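What follows is each chain in one-letter form.
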Amino acid sequence: AGGFAKEVYATIQQIGGYEICGFIDKAAGPDSIIAGKAIPIVAEETLHGMKDEFCLAMGVGAPSLISKLAARLEKHEFPNLIHPSVVGNFPDITMGRGNIVTANCVFTTSITIGDFNIFNLCCTVGHDAVIGNCNVINPTVNISGGVVLGDNNLIGVNATILQYKKVGSNSIIGASSLVTKDVPDNVTVVGIPAVKIANR
């Protein structure tokens with residue numbers, strides 16, 4: 001029921017076709033007020049009694065938490081939520097489940113996307129890119145053509161990954177960084193060009 005969950009709520013409203021029943025958080029609490037409307041916050045245990053017509057959306061921005069929640073809630077339905085302003089050659093884009101694509105993102109063609117990725121505002125993804133699972137791609141990130149992105153990565157605001165570079169899994173690319181060479185697993189890279197500053 002945090003800040004990104006409220007943004008996902010707004011995206012779902014703009015997509016339409018869903019009735020939003022509430023937020024699920026670690027423990028039930030007071031309602032969340034969004035645009036003057038009270039939205040219930042319920043505990044995760046509530047899911048056990050949910051009927052098949054209920055869908056879930058992942059409103060968290062930490063890749064490791066997304067991965068854990070996806071495993072724990074795998075039996076539930078997670079539709080792909082794509083904002084109506086998104087531009088893409090969708091007949092030629094393969095997408096798993098539970099992905100959230102927010103406003104003004106652009107996808108070109110021949111793209112493969114796994115499960116539970118977040119594409120925040122104004123991201124671009126180029127031709128033949130392959131995106132794994134549970135990646136958080138923050139606003140205005142540019143993923144160039146032919147990039148291969150593993151799982152559970154956090155890509156900072158306004159970062160650019162140049163064409164045909166590979167990013168492993170469980171890594172962080174800092175805000176406004178320029179990735180000019182492959183990034184291995186479990187590292188943090190920052191800068192122009194991006195260099196490793198830490199192991200994770």
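Bear in mind that the values here come from a model prediction, so they are computed numbers and not experimental data.

K.L.:
Please give an account of the pairing of strand β2 (residues 29–34) that cites residues and values.
P.N.:
In the sheet, β2 pairs with strand β3 (residues 37–43) via four bridges, with the strands oriented antiparallel. From the neighbouring strand, G29 faces β3, where its bridge partner is I41. In this antiparallel pair of consecutive strands, β2 and β3, the connection spans two residues, and A35 shows a positive phi of 50°.

K.L.:
Break down the pairing of β3 for me, citing the residues and quoting the values.
P.N.:
As judged from the three bridges shared by strand β1 (residues 23–25) and β3, these two strands associate in the parallel manner. The residue bridging F23 from the neighbouring strand is I41, located in β3.

K.L.:
Now, about the sheet that holds β1: what can you tell me, with residues and values included?
P.N.:
Across the sheet, three strands lie side by side as β1-β3-β2; this open sheet has mixed pairing. Looking along the sheet, the strands with just one partner apiece sit at the ends: β1 and β2. Here the strands of the sheet are splayed against their neighbours by 35° on average, with no regard to which way each runs.

K.L.:
Go over the environment of S177 with me, naming the residues and quoting the values.
P.N.:
Looking at the secondary structure, you find S177 in the loop between β19 (172–173) and β20 (178–179). Among the residues examined, S177 registers a relative accessible area of 1% and is labelled buried. Among residues more than four places away in sequence, those in contact with S177 are N158, A159, T160, V189, V190, G191 and A194.

K.L.:
Go over the sheet that holds strand β18 (residues 166–167) with me, naming the residues and quoting the values.
P.N.:
Taken together, the five strands give an open sheet; going across it, the order is β6-β9-β12-β15-β18, and neighbouring strands pair in parallel fashion. The open sheet has two edge strands with one neighbour each: β6 (93–95) and β18. Alignment of strand β15 (residues 148–149) against β18, held across two bridges, turns out to be parallel. The partner of V148 across the bridge, within β18, is K166.

K.L.:
How would you explain the nonpolar core if you had to name every residue and give the values?
P.N.:
In this structure, F107, F119, I137 and I143 are the most contacted members of the largest nonpolar core, which totals 28 residues. Looking at this core, the elements that each hand over two or more residues are β6, β9 (111–113) and β21 (187–190). Beyond its immediate sequence surroundings of up to four residues, F119 is in contact with I100, V101, T102, C105, F107, I113, V125, I131 and I137. Within the second largest apolar cluster, 17 residues are counted, among which are F4, I12, I100 and F116.

Each value, and the rule that gives it
- Residues numbered from 1 in each chain as written.
- Predicted model: local features only at pLDDT ≥ 70, side-chain atom pairs only at ≥ 80, totals over all residues.
- Heavy atoms only, no water.
- Pairing = 2+ DSSP bridges.
- Helix = DSSP H or I, 4+ residues; strand = E, 2+ residues; numbered from the N terminus.
- Axes fitted to C-alpha atoms, helices over the stretch in contact; angles between N-to-C directions.
- Buried < 20%, exposed > 50% of the residue type's maximum accessible area, 1.4 Å probe, protein only.
- Contact = heavy atoms within 4.5 Å.
- Core = buried A, V, L, I, M, F, W, Y, C linked by side-chain atoms within 4.5 Å.

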